[in-house]
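Coordinate inspection notes
One-letter residues, chain by chain:
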Amino acid sequence: MNLCTGAALGVVRLICAVALITGVFAAPAAAKVDVTGFVAKPIAANASCSTTTTAATESQAGANKDFCVAMAFSGGGDAFGGGDDVRDLTMSLPPGQVGGATATPTCSVSRFHSVAGCPSSAQVGEASGRIEAVITLTENIITGKIFNLTPRGTEAARLGVQLELAGLAAVQKVEAVIVLRGDGGLDALSTGLPRTFLGLPIEIRRFNLKLWGSKADHPTLDKPFVVNPTDCSKPATSRVKVRSAQGVDGSGSFSYQPTGCDKLQFTPSMLLEGDHQADGPGVITAGMTFPEQAPGALAQARVKTADVVLPQGYELSASAGSEPGFVGCTDEQFAQTEATPTTCPEGSKVGTVRFRSPLIAEELEGVVYLADQRPGAGLIRIFIFAQTGPDPESARVKVMGEVIPDQQTGQLTTRLTNLPPVPFTTFRLSFRGGPTAIIAGPRTCGTRTGSTTVVPDNGGPAAVPTAPITIDTGCGDPARFTPQLTTSLTTTQAAAPTVLTANIIRPDGNARLTGAKISLPPGFSGRLTAAPPCAFEQAKTGTCAADNRVGAVTVKVGPGSAPAPIDGNVYLTTPQVDGDLAGLSIVVPGKFGPLFFGDLVVLARIVVRPDIGLDIVVTQVPQRVYGIDINLREMKLTLDREGFGLNATSCAPMEAKGTLYSDLGASAEVTAPYQATGCENVPYTPTLTAAFAGGRAEVAENGHPELRTVVGAGLGQGGTKDLELVLPEGISIDVERIKRSCPIADYTAGTCKPEAVVGSAVAESPLIAEQLQGNVTFVSVPGVPLPELRVDLKGPLAITLAGKVRQQGTRLVTAVSGLPDTPLTRFALTLAGGSKGLIQASRDLCASATVPIDAQFASFTGASVKRTTAVDIPDCAPAGTVKLGSLRNGKPTFDLRVVGGRTKVTAAQLTLPSGLRFQSAARVRRLVKVSATGLPRGSKATVSVNGARLRITVPKGKSATVLRVRMRAGGLRVSTRLRRAGRPRLLFRLNTSLTDGRRPSLRLNARPAATPSGQS
């Protein structure tokens, strides 16, 4: 028996009617639930709302028109028999079809459910529908009102639907939660809907909601409630979804096309505020405002994209990187598409955001996060999260954006794209201030203008509002440039390895540093052999290997009191410019907090000065990375490669000097004191070796011997400041060579004739892998009696030495003063001999048991050393020379010279070549003169001839170092053949007897003089 039938059951019937109202959002109790009709479109205020309505669609974009949502449901099978009924219902409005939460005062949920209910001032719409009642089995009409309830948590709004069955006072109240989707659309949610009332099943066939639009049509509204989308480029589609108690889904959709977007206005204004001082960090706030909608007017188009351009001079501040724990937020932590709070780390906060929308009663406040970097995304992204309160369930908005610095000027554009079509009246985005502020102000005071390029969603032209901002504090001289240089050493011990730290400091508010030349103190050197050099092409890209590293660098970047430190490395490179000694590649990560924009590479040249001191030259300091002003405040280089740095060997007070250059054309001279210590502890034991070479004839009297001298010193010893060499007795300058010396003016101009080159030199230094080599040039200087020896060593570095030559008694002295304090482990100087020889032997150098060379060394440490070394003469075997006068008249002169060397001669016999014979012994005795060097006083040598032989002997038991026979013309007979031959080369044979018992035989070549006048 059906409890809701029969005339006697009037009271029950009334109860059943009320129970039907409980099923406002409940589908029939049936085996399957379907949405058989669905309409969602704007209509006129006086038009009816139903699934079968014939009312025209009021499609004007931005218009405040009543919005009709009508649904029809059908159930099947067991009518009212407890089938599968609807449990949940979700209605999704199209993006841009929104309602204003401030259109009326809100009514609390508790009042809505009270007997008194909500006041009419909170009404925002009306409801109607038809149900099939159990009592009559016919359709009955329901009516109702829609109220603006106070939202909770994440809700954009909450609506209350109060329904009445026609003719009855019974009331059913249902709530619908309104939430904001990520695309800017609204979802109305009803969950856990009742299926019975007083135990009696109910079934609804149709249900209609009509949300009010304009105040003109509905005077109880304070402001318009529903507004149409402002995007005419696509249909506005609404969707409904129902889910039964057993989890079976049903759905429906309806679309209409907004029109008339060209009629919409779009007049945003820009706001711009800040607290910056000139060239300092601070807070910057930028945003937009829109005018409130005028009564009866169309709503303004919504913002699709916005490019907020700060005034030129406002740039990202590198000091932001010094914020403790500064990190980026990941996309997963931000969770843009999730209706949950973000979990971005505290260290990723870079600002705040506030905006007000008529869609939500309360102002939304939130945080701007710095996003981490990921492939395919912008390099500097921001995440914007705002909500209506601290409650985790507050209404919230999530937006992604990008900050784009101009690569040349650093001017900032904050780009917000694909914004949800949500209306707002005010939007304010502030980047944090303080010492680690995100934004730095312009370098000079004044008023500047920012702009915002705002693109509307209605397809209209972009608006470009502007706003001024003024800086009038901290207005110093932007060209001020007062940098400093400091240095420190791990040890000041002279000649010892050390670690040098050089620090360039640029005070805040100064012009930017663009270049530098740092002159290290004379004597302080870098041992380039401590590390292999990186190829320059590789160094330019910052890809040198760890083996090339010679030090560390720490830079501090950014304005204000907290510049950000960044660590990097210093690498040794091959020379960047021909003539340089080497180079440095200073590599620092290009970072803005947790973001990385590639390595910054600063290239430095290592140049050798004339005093052999080293200059480190930086011609270009990068000013920007990805458009961000680096604002270099400090650059500290620490050359910590083991064995690379080497202290000077002088303990005199010195300075490291520098010239620093600014981007505004200024330069500043800077100095830092330097003084090595402990010179008394530095060893100084230079060595000297010397040798004559060139053959026996060159070391004999009137010969031109080659002289080789080698000066040596060990690493870690004192450097030689002055050197004086005293050549052996019997050595002098060949007068002919003086005539062929190079004038100093020609030497300076590099135009000396080859004949002025008198030798060569080679130097070796532990600082460099290659030898230094060069020529020795004889250079005449006005006012100086004897020309100087100029040594030009070339290689990885160039050294010029000047040796002053003077006569000191019977000995020749060469003095080199003012040598550079650079370690040379070996210095070899060779003066050429023979026809190019500079020096000449005034006696037979082999005649003495030893030939000493003396040296006086003076060190930078203050120590001095004297050295006397015997010159090695390897060519002191017996030798002889023959000189003949002209053969043309048949009466040549004759001169024989026999040198015994270190072993003396007791006898010598000369055999003439064919065509020559001695005259009679008696005649020869009258013409000949015999001399012997080395015989005791009173002893004489004698000569005898026999045909082609001449014999010289000394008294028995005696010996001589040199024997000489000179014979005037007439002592020789010359064949006709030889006379006619002119000047043939003649071969003589000389046999000697030495005191050690040896009897060496020599062949002597001689060419007769050209004319009789050449006879002696």
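Residues numbered from 1 in each chain as written. Predicted model: local features only at pLDDT ≥ 70, side-chain atom pairs only at ≥ 80, totals over all residues. Heavy atoms only, no water.

What follows covers the overall build of the chain. Scanning the chain for helices and strands turns up 9 helices and 70 strands. In summary, the chain has a C-alpha radius of gyration of 54 Å against a globular reference of 31 Å for 1016 residues, an excess of more than 25%. Dimensions of the chain along its principal axes, counting C-alpha atoms only, are 190 × 60 × 50 Å. Residue burial in the chain is summarised as follows: out of 1016 residues, 54% are buried. Of the contacts formed within the chain by residues at least 6 apart in sequence, a portion of 69% connects residues at least 24 apart. Carbon and sulfur atoms provide 52% of the accessible area of the chain, an area that totals close to 42900 Å². (Helix = DSSP H or I, 4+ residues; strand = E, 2+ residues; numbered from the N terminus. Rg over C-alpha atoms; globule rule 2.2 N^0.38 Å. Buried < 20%, exposed > 50% of the residue type's maximum accessible area, 1.4 Å probe, protein only. Contact = heavy atoms within 4.5 Å. Areas by Shrake-Rupley, 256 points an atom, 1.4 Å probe, with all protein chains shown as cover.)

The next point concerns the state of the cysteines. When the sulfur atoms of two cysteines share a covalent bond, that bond is a disulfide. Inspection of every chain in the model, using the stated rule, returns 9 disulfides. The disulfide that involves C49 links it to C68, with 2.0 Å between the sulfurs. Negative torsions about the S-S bond denote left-handed disulfides, and the value of about 85 degrees found for C49 with C68 makes this one right-handed. Taken together, the positions of C49 in the loop between strand 1 (34-43) and strand 2 (66-74) and C68 in strand 2 put the pair 19 residues apart, joining distant regions of the chain. Here C49 matches C68 in class, with each residue buried. Across the disulfide from C445 sits C475; the S-S distance is 1.7 Å. Linking C445 and C475, the disulfide has an S-S dihedral of approximately -95 degrees and is accordingly described as left-handed. Of this pair, C445 sits in the loop between strand 27 (439-440) and strand 28 (446-456) while C475 sits in the loop between strand 29 (466-471) and strand 30 (484-489), placing them 30 residues apart in sequence. In this structure C445 comes out as partly exposed when scored by relative accessible area, which is 25%. On the basis of relative accessible area, C475 is assigned to the partly exposed category, the value being 45%. (Disulfide = S-S within 2.5 Å.)

This paragraph deals with the side chain of K398. Inspection of the secondary structure puts K398 in strand 24 (residues 396-405). Buried and without a salt bridge, K398 has E338 as its closest oppositely charged side chain, separated by 7.2 Å. Polar contacts involving the side chain of K398 include one to the main-chain carbonyl oxygen of E338, which spans 3.0 Å. The residues touching K398, leaving out its near neighbours within four places in the chain, are F334, A335, Q336, E338, T340, P341, T342, I384 and F385. (Lys, Arg positive; Asp, Glu negative; His and termini not counted. Salt bridge = Lys/Arg side-chain N within 4 Å of Asp/Glu carboxyl O. Polar contact = N/O pair within 3.5 Å; in protein donor to acceptor, adjacent residues only side chain to side chain.)

In total, this model carries 32 salt bridges according to the counting rule given. Linking R811 and D854 is a salt bridge whose minimum nitrogen-to-oxygen distance equals 2.8 Å. Highlighted residues: R811 in strand 55 (residues 811-816) and D854 in strand 58 (residues 852-859), separated in sequence by 43 residues. The pair formed by R811 and D854 is uniform in burial state, with each residue classed as buried. A salt bridge links D895 to R964, with the shortest nitrogen-to-oxygen separation between them at 2.6 Å. Highlighted residues: D895 in strand 61 (residues 894-899) and R964 in strand 67 (residues 962-967), separated in sequence by 69 residues. Accessibility expressed as a relative area gives 12% for D895, which makes it buried.

Across a sheet, strands are paired by hydrogen bonds formed along the backbone, either parallel or antiparallel in direction. Judged by pairing direction, the sheet is antiparallel, and its 3 strands sit side by side in the order 31-43-34 without closing on themselves. Edge strands, defined here as strands with exactly one partner in the open sheet, are strand 31 (497-498) and strand 34 (525-526). (Pairing = 2+ DSSP bridges.)

Counted under the stated rule, the structure contains 10 aromatic pairs. On the numbers, 6.1 Å between centres and 80 degrees between planes, the contact of F524 with Y674 is edge-to-face. Here Y674 lies in strand 45 (residues 667-674) and F524 lies in the loop between strand 33 (513-519) and strand 34, a separation of 150 residues in the sequence. Note on F524: relative accessible area 4%, which makes it buried. The rings of F266, F290, F355, F424 and F427 are connected pair by pair, giving a single aromatic cluster. (Phe/Tyr/Trp six-rings, centres within 6.5 Å; stacked < 30°, edge-to-face > 60°.)

The next point concerns the pairing of strand 48 (residues 720-726). Residues in a regular strand project their side chains so that they alternate between the two faces of the sheet. Pairing of strand 48 with strand 58 involves 6 bridges; the strand directions are antiparallel. Paired with D722 across the two strands is A858, which belongs to strand 58. Note that strand 48 and strand 55 share 4 bridges and pair antiparallel. Its bridge partner lying in strand 55, L725 is registered against T814.

Turning to the pairing of strand 61, a few remarks are in order. Burial analysis of strand 61 places 6 of its 6 residues in the buried class, which makes it a mostly covered element. As paired elements, strand 60 (residues 879-884) and strand 61 share 6 bridges and run antiparallel to each other. Bridge pairing links L884 to F894 in strand 61. Two elements, strand 61 and strand 67, share 6 bridges in a ladder whose sense is antiparallel. Residue pairing for strand 67: R897 is matched across the bridge by R964.

When you line up the elements, A55 lands in the loop between strand 1 and strand 2. Judged by relative accessible area, A55 falls into the buried class, the value being 15%. The spacing of A55 and P823 is 768 residues in sequence and 102 Å in space, taken between C-alpha atoms.

The next subject is the confidence of the model for the chain. Of the residues in the chain, 92% have a pLDDT of 70 or more, and the chain-wide mean is 88. Below a pLDDT of 50 lies the segment residues 1-31, which in the model reaches 86 contacts outside its immediate sequence neighbourhood of four places, other chains included. Every residue in residues 76-83 scores below 50 in pLDDT, and together they form 19 contacts with partners more than four places removed in sequence or on other chains. (pLDDT = per-residue confidence, 0-100.)

Take the sheet that holds strand 20 (residues 315-316) next. The strand order across the open sheet formed by 3 strands is 17-27-20, and the pairing between neighbours is antiparallel. Every interior strand has two partners, whereas the edge strands, strand 17 (281-282) and strand 20, have only one. By the bridge criterion, 2 bridges tie strand 20 to strand 27 in an arrangement that is antiparallel. Paired with E315 across the two strands is A440, which belongs to strand 27.

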